[in-house]
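Chain by chain, the residues run as shown.
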Amino acid sequence: MMSSKNVAASHTEMSQIVLPNHTNTLGNMMGGQLLYLMDMCAGVVAQRHSNRTVVTASVDHVEFSSPIKLGDIVTLAGHVNRSFRSSMEVEINVWAENPRTGRKTASNRAFYTMVAIDEELRPTIVPTLVPNSPEEQSRWEAAERRRQLRLVLAGRLKVSDAHELTHFLLENVNKADV
Ligand SMILES: CC(C)(COP(=O)(O)OP(=O)(O)OC[C@H]1O[C@@H](n2cnc3c(N)ncnc32)[C@H](O)[C@@H]1OP(=O)(O)O)[C@@H](O)C(=O)NCCC(=O)NCCS
């Protein structure tokens, strides 16, 4: 197993046409269908990064910002924001494309925590992620804060040990958009 990898090594894009059996009575893609595709995309990204079998440990910040219509091309793009010991934060962005006009609309985003497991189904070490651009570096830093927040909320980390998160919150206490 490689000890470190870059973001491009596991970047994944998947597309599919929205068919009648993917939609609700309004002709919009059902949230559950989309979450299934997002989970699949996150799994592919995490397996490519870790070269291991992976499981989904948590999903957070799922936003359904605009509906995806019957007949649209739905595209998912996933990348690793940061890897930890056995876990990886994978960001999935989704957009819908009208095949007649070519117009693309961002529709969803979520952060998946994927855990690599070994042959005995125990969590196992994954390669370090090396950020290669200011944007990747910024995502890498934000991933640590989100990890601390989700572990605090899951009762797995004490607030007093969530240093990056508390520092960030105190620094930005008066800002609306961070
Ligand atoms: C995810 C799972 C392997 C973690 O097992 P565990 O015994 O808690 O193992 P650990 O305490 O060593 O945690 C392993 C990693 O998971 C992370 N983790 C565990 N629970 C988490 C949660 N709720 N949110 C985010 N990360 C979590 C830990 O932080 C740790 O990360 P690290 O190694 O990078 O520091 C285990 O809970 C599991 O198998 N869950 C079911 C997964 C599944 O079936 N998913 C499909 C959904 S149906």
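Above this note sits the structure.
Residues numbered from 1 in each chain as written. Predicted model: local features only at pLDDT ≥ 70, side-chain atom pairs only at ≥ 80, totals over all residues.

### Thoughts on the overall build of the protein chain
Scanning the protein chain from terminus to terminus reveals three helices and seven strands. Helices (α) and strands (β) of the protein chain occur, in sequence order from the N terminus, as β-β-α-β-β-β-β-β-α-α. Here the C-alpha coordinates of the protein chain stretch approximately 50 × 45 × 30 Å along the principal axes. Looking at the protein chain residue by residue over its 178 residues, the buried ones come to 29%. Taking contacts inside the protein chain between residues at least 6 apart in sequence as the whole, the part at least 24 apart equals 69%. (Helix = DSSP H or I, 4+ residues; strand = E, 2+ residues; numbered from the N terminus. Buried ≥ 20, exposed ≤ 12 C-beta atoms within 10 Å, placed from the backbone. Contact = placed C-beta atoms within 7 Å.)

### Here we look at the packing of helix H2 (residues 134-153) against helix H3 (residues 163-171)
Closest axis-to-axis distance for the H2/H3 pair is 8 Å, and the angle between their directions is 105°. In terms of their interaxial angle, H2 and H3 are classed as roughly perpendicular. For the pair H2 and H3, contact is made by Glu-144, Arg-145, Gln-148 and Leu-149 and by Glu-164, Leu-165 and Phe-168, respectively. Class assignment of the residues belonging to the contact of H2 with H3 gives a composition of three nonpolar, one polar and three charged. (Axes fitted to C-alpha atoms, helices over the stretch in contact; angles between N-to-C directions. Parallel < 35°, antiparallel > 145°, perpendicular 65-115°, else oblique. Nonpolar A, V, L, I, M, F, W, Y, C, P; charged D, E, K, R; others polar.)

### Let's talk about the pairing of strand S4 (residues 73-83)
For S4, a buried count of eight out of eleven residues is recorded, marking the element as mostly surrounded by other parts of the structure. In terms of strand pairing, S4 meets strand S5 (residues 87-97) through ten bridges, oriented antiparallel. Pairing of Val-74 across the sheet is with Ala-96, part of S5. With antiparallel pairing between neighbouring strands as the criterion, S4 and S5 make up a hairpin whose turn holds three residues. (Pairing = 2+ DSSP bridges.)

### Section: the site of the ligand
What surrounds the ligand is a group of 15 residues, the closest being Ser-58, Phe-84, Arg-85, Ser-86 and Ser-87. If you list the elements that add at least two residues to the shell around the ligand, you get strand S3 (53-64), strand S6 (104-117) and H2. Ranked by residues supplied to the shell around the ligand, first place goes to S3 with four residues. Taken together, the residues that form the shell around the ligand break down as eight nonpolar, five polar and two charged. (Near = placed C-beta within 6 Å.)

### What about the nonpolar core?
With 28 residues, the main nonpolar core has Met-38, Ala-42, Val-90, Ile-92 and Met-114 as its most contacted residues. For this core, the elements supplying multiple residues, two or more each, are helix H1 (31-50), S4, S5 and S6. In terms of residue count, the dominant contributor to this core is H1 (seven residues). Not counting residues within four places of it along the chain, the set of residues in contact with Val-90 comprises Ala-42, Val-45, Ala-46, Gly-78, Val-80, Tyr-112 and Met-114. (Core = buried A, V, L, I, M, F, W, Y, C linked by C-beta atoms within 7 Å.)

### As for the sheet that holds S3
Pairing between the strands of a sheet is mediated by backbone hydrogen bonds and can be parallel or antiparallel. Sheet architecture is open: five strands sit in the order S2-S4-S5-S6-S3, paired in antiparallel fashion. Edge positions in the sheet fall to strand S2 (12-17) and S3, since each has one partner strand and no second. For this sheet, the mean angle separating the axes of adjacent strands, direction not counted, is 25°. Where S5 and S6 come together, eleven bridges link them in antiparallel fashion. Looking across to S6, one finds that Trp-95 is bridged to Ala-106. Sheet strands touched by H1: S2, S3, S4, S5 and S6. Its angle to S5, the strand with the most contacts, is close to 135°. Its contacts with the sheet place H2 against S3, S4, S5 and S6, and it is angled at close to 85° to S4.

### With respect to H1
Taking 1.5 Å per residue as the helical rise, H1 with its 20 residues ought to reach 28 Å, and the 28 Å between its terminal C-alpha atoms agrees with that figure. Of the residues making up H1, those classed as buried are Leu-34, Leu-37, Met-38, Cys-41, Ala-42, Val-45, Ala-46, His-49 and Ser-50. The elements touched by buried residues of H1 are strand S1 (4-6), S2, S3, S4, S5 and S6. Note on H1: the residue one or two positions beyond its end, Asn-51, has a positive phi of about 55°. (Expected span 1.5 Å × (residues − 1).)

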